[in-house]
Amino acid sequence: MKHRVAFIFLSLSFLCVVPGITLGVVGTEFDTTSELNDGEKSPIKTPFALQLKPFSKGSMETIKSQRKGSAFIVVLWSVDCPPCYEELEMWRRVKASYPALDVVLISTDAMALNDEVRRVVEKMGVAMLEHWQFADAFVEPLRYEIDPGWSGELPRTYFYSATGEYVGRSGIIKQDKIEAWIE
Amino acid sequence: MKLDLWFRFPKSSVHWIGVVRLMLGIGLMGASYFALANSHNATRSHGHMAHTAESVVKGPANIHQATSVTASFDGQGRLWAVWIFGQALYVNYSDDLGKSYSEPVKVNQQAENISSNSEARPNIVVANNGNVYVSYAQNLEKRFSGNVRFSRSIDGGKRFSAPITVNDNREMIGHSFPVLAVNQQGDVYMVWLDSRDKVADQRINTRAEGFIGSSVYYALSDDEGLSFQSNVKIQDHSCQCCRIAITLDPHDLPVILWRHVYGADNRDHGMVRFVSKSKLAAPMRVTDDGWRINACPHHGPSLSIDKLDNYHMVWFTQGESRKGSFYAHSTNQGASFSEPVKLGDGSLPAQHPHVLAIEKNVYVVWKSFDGNETTLYVMRSLDRGRSWGRPTVIAKTANASDHGFLLAKDQDAFVSWHTVDQGQRLLKLDPVMFDDGTAVSTLSRGNY
């Protein structure tokens, strides 16, 4: 009986790890989870390790190509942007209401702030979303790939349709606007 | 749009042992990549209010590998520079227009986390008597908290005093984005963004919308930077993440320009001038672009005032009325402004504009990125901003760069530009550059 309990426990913990690792393999970028996870400091425990993918030249193409034919949302944010915290909190609520919503978060913070980005993501309860972080000090090409017309104001949100067209919006997005878009 | 279109299953059917090995290998590669990137430039930010991470910069302090280099000419034509290297602020100078620089002098002997980015950056001004004054923002442990700091040299930049904290509210809350001005009288003004009123409001108020933005404060030193008088609030509800502009008018008094939040979320610009040494006129709203947004533009305005008291300003907006970077002037101390002139040809965003007026000549610098390179443009007016020549390309870089800043030395205009690839440069704006609109620049490069 004791063995059976242990077996069930092991199976369950294995299942918990699966989504994290699987998502990590889907991306073609480096994964830093093994080196940089600081889950110990997080007040909110997440069921799987947070993936924080380095966003470099070509990453936007990767994000888009993985979603061909599907609608999705890309949100640019930074730990240094006070309204962005409100925005993250909003995405936590929206994701809870619409679990199938595909939201990609990209932090524009310098890689030196990697630990802090990770802490904020976990604290704000949005670790279940896909996360990237700017990985190049030369940020202009990264911004340009996302949108040549964007001047870096944050938060910045892009609504991608299933056919690949996008609409960009700066500032905090109101939840009812997102719900209207979802409908 | 149907919700089921959104759902995406994670791709599965992977071989687990292979996955784990792959992850380990990729993880190590990733870790070494970041170690390299960070050691190259740990404190470089992305143009917003980044707090400085633990520094790992190596080697002797050097202006060309520094961050947030800010330069200023003194009355004798000596170019002074303040910059951040690791956890220290340094000052040095150049007597040959940026070709070579003096040995750097460290300002803070005790290591500090110094705000190092293009908006919240150190400042340097030199008084008539030769005193050198510097300001910077110190980041504290808690995010969005810090102190505005000041130090002076009374021996021509050989040694700097132990930095003092100028904000007299010492809570671990936001005091940042300090800027400095010193007038002919020797009065030193520091202006910064302060969150003490926001924090106080949050303690007593539980209303949903909360206190909007930060507050603009200033402090005056009339004892040559030995001490500062009590902090004075200029106005509540400034934007929290944009550089403040400060300059002196022909009456030898400061005029201040900043991004302000009007109403719930209208991010325009406020301006205030001093009517005497420590008396302010009423703050005015000087832009109305209809940029209703709760966001951090990280894009502060710039102001220059000519000897006839004409105000020249440049700013960035994404408002309903206009989008981009703009120039306008005022002949009545900011009461009204000319029709805004859009910078650039509209094909690429014109970003981080800076303005300088020297007599009748007005210069505006900005940068644009075309997908490969960042280009620094300058345009010039010979008639106090009434008409403008074509924009001229003065420099380019294919790597990270700071904003370009205009500087005056007598009748000559220069642009100070720091780039990762070329280091610190001083670009002289020769009249010939503006005649045919072609890309000519006379740049001086430091020895590095």
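Conventions we followed
The residue numbering used here restarts from 1 in each chain and proceeds along that chain's sequence as written. All chains are assigned letters beginning at A, and all ligands numbers beginning at 1, according to the order in which they are written. With pLDDT at 70 or above as the cut-off, local features in this predicted model cover only qualifying residues; side-chain atom pairs require 80 or more to be listed or tallied, and sums for whole chains, interfaces and linings still use all residues. Where side-chain values are given, they derive from all heavy atoms of the structure, hydrogens and water being excluded. Strands here are runs of E lasting at least two residues and helices are runs of H or I lasting at least four, both read from the DSSP assignment and numbered beginning at the N terminus. Accessibility here uses a 1.4 Å probe with only protein chains present; expressed as a share of the type maximum, an area under 20% marks a residue as buried, one over 50% as exposed, and anything in between as partly exposed. Here a residue-residue contact requires only that any non-hydrogen atoms of the pair lie within 4.5 Å. Confidence of the predictor in every single residue is expressed as pLDDT, which spans 0 to 100. Only when DSSP finds a minimum of two bridges between them are two strands counted as paired. The salt bridge definition used is simple: a Lys or Arg side-chain nitrogen within 4 Å of an Asp or Glu carboxyl oxygen. For helices, the fitted axis covers only the stretch in contact; all axes are lines through C-alpha atoms, and the angles between them, taken along N-to-C directions, range from 0 to 180 degrees. Only a pair of cysteine sulfur atoms within 2.5 Å qualifies as a disulfide here. Note on aromatic pairs: the rings of Phe, Tyr and Trp (six-membered ring only in Trp) are paired at centre separations within 6.5 Å, and the planes decide the class, stacked below 30 degrees, edge-to-face beyond 60, tilted for the rest. For a helix, the expected span equals 1.5 Å multiplied by the number of residues minus one. Working note: the arc is built from the helix axis to C-beta atom directions.

Turning our attention to the overall build of chain A. Scanning chain A for helices and strands turns up 7 helices and 6 strands. Ordered by position from N to C terminus, the α and β elements of chain A give α-α-β-α-β-α-β-α-β-α-β-β-α. Scored against the burial criterion, the 183 residues of chain A give a buried share of 55%. Across chain A, the fraction of contacts at a sequence separation of at least 24, relative to all contacts at a separation of at least 6, is 73%.

Moving on, we get to the environment of A:Lys68. Within the secondary structure, A:Lys68 sits in the loop between helix 3 (59–65) and strand 2 (72–77). Judged by relative accessible area, which is 69%, A:Lys68 ranks as exposed.

Per-residue confidence for chain A averages 79 on the pLDDT scale, and 74% of its residues sit at or above 70. Here residues 1–47 of chain A is a poorly scored stretch, pLDDT under 50, and it has 72 contacts once near neighbours within four places are set aside; other chains count.

Time to look at the pairing of strand 9 (residues 175–182) of chain B. Counting buried positions along strand 9 of chain B yields 8 of 8 residues, so the element is predominantly enclosed. Counting the residues between successive antiparallel strands, the hairpin from strand 9 of chain B to strand 10 (residues 188–194) of chain B contains 5 residues, one of them, B:Gly186, with a positive phi of roughly 95°.

Look at the link from A:Leu154 to A:Pro155: it is a cis peptide, with omega at -5°. Within the secondary structure layout, A:Pro155 lies in the loop between helix 6 (139–146) and strand 5 (156–160). Of note, the phi angle at B:Glu224 is positive, near 60°, even though the residue is not glycine. Position of B:Glu224 relative to the elements: it lies in the loop between strand 11 (214–221) and strand 12 (232–238). Here B:Glu359, not a glycine, exhibits a phi torsion of approximately 55°, which is positive. On the secondary structure map, B:Glu359 appears in the loop between strand 22 (351–358) and strand 23 (361–369). Note on B:Glu359: relative accessible area 30%, which makes it partly exposed.

According to the stated counting rule, one finds 31 salt bridges over all chains in the structure shown. Note that B:Arg143 is salt-bridged to A:Asp80, the shortest N-O span being 2.3 Å. In this pair, B:Arg143 sits in the loop between strand 6 (132–139) and strand 7 (146–153) while A:Asp80 sits in the loop between strand 2 and helix 4 (82–97), so the two residues belong to two different chains. The exposure class assigned to A:Asp80 is buried, which follows from its relative accessible area of 0%. Each member of the salt-bridge network shares a partner with another, and the members are A:Lys53, A:Arg67, A:Asp102 and A:Glu130.

Residues and elements named next belong to chain B. Read from one edge to the other, the open sheet built from 4 strands follows the order 22-23-24-25, with strand pairing classed as antiparallel. The sheet is open, and its two borders are formed by strand 22 and strand 25 (392–397), each paired with just one other strand. Strand after strand, the sheet turns through a mean of 20° between neighbouring axes, direction not considered. As judged from the 6 bridges shared by strand 22 and strand 23, these two strands associate in the antiparallel manner. Among the inter-strand pairings, Leu-356 is bridged to a residue of strand 23, identified as Tyr-363.

Further remarks concern the state of the cysteines. Counting across every chain of the model gives 1 disulfide over all chains. Between the sulfur atoms of A:Cys81 and its disulfide partner A:Cys84 the distance amounts to 2.2 Å. Sign of the S-S torsion, about 85° for the bond between A:Cys81 and A:Cys84, identifies this disulfide as right-handed. By relative accessible area, which is 0% here, A:Cys81 ends up buried. Classification of A:Cys84 by relative accessible area gives buried; the value is 0%. In this structure B:Cys241 is not part of a disulfide, and its nearest cysteine sulfur, from B:Cys296, lies 3.1 Å away. Of the residues examined, B:Cys241 reaches a relative accessible area of 0% and is grouped as buried.

This part is about the packing of aromatic side chains. Residue and element names in this part refer to chain B. Taken as a whole, this structure holds 23 aromatic pairs over all chains when the rule is applied. A ring pair is formed by Tyr-327 and Trp-388, whose centres lie 4.7 Å apart and whose planes are at 70°; its orientation type is edge-to-face. Within this pair, whereas Tyr-327 is found in strand 20 (residues 323–330), its partner Trp-388 is found in the loop between strand 24 (374–381) and strand 25, the two being separated by 61 residues in sequence. Accessibility classification places Tyr-327 together with Trp-388 in one group, the buried group. With centroids separated by 6.0 Å and ring planes inclined at 55°, the aromatic side chains of Tyr-363 and Phe-434 adopt a geometry described as tilted. Of this pair, Tyr-363 sits in strand 23 while Phe-434 sits in helix 3 (residues 432–435), and the two are 71 residues apart along the sequence.

So, about helix 4 of chain A. Residue and element names in this part refer to chain A. Between its first and last C-alpha atoms helix 4 spans 24 Å; for 16 residues at 1.5 Å apiece the expected length is 22 Å, and the two agree. Among the residues of helix 4, those classed as buried are Pro-83, Cys-84, Glu-87, Leu-88, Met-90, Trp-91, Val-94 and Lys-95. With its buried residues spanning 165° around the axis, helix 4 presents them on a single face. Packed against the buried residues of helix 4 are strand 2, strand 3 (103–107), helix 5 (114–123), strand 5 and helix 7 (175–182).

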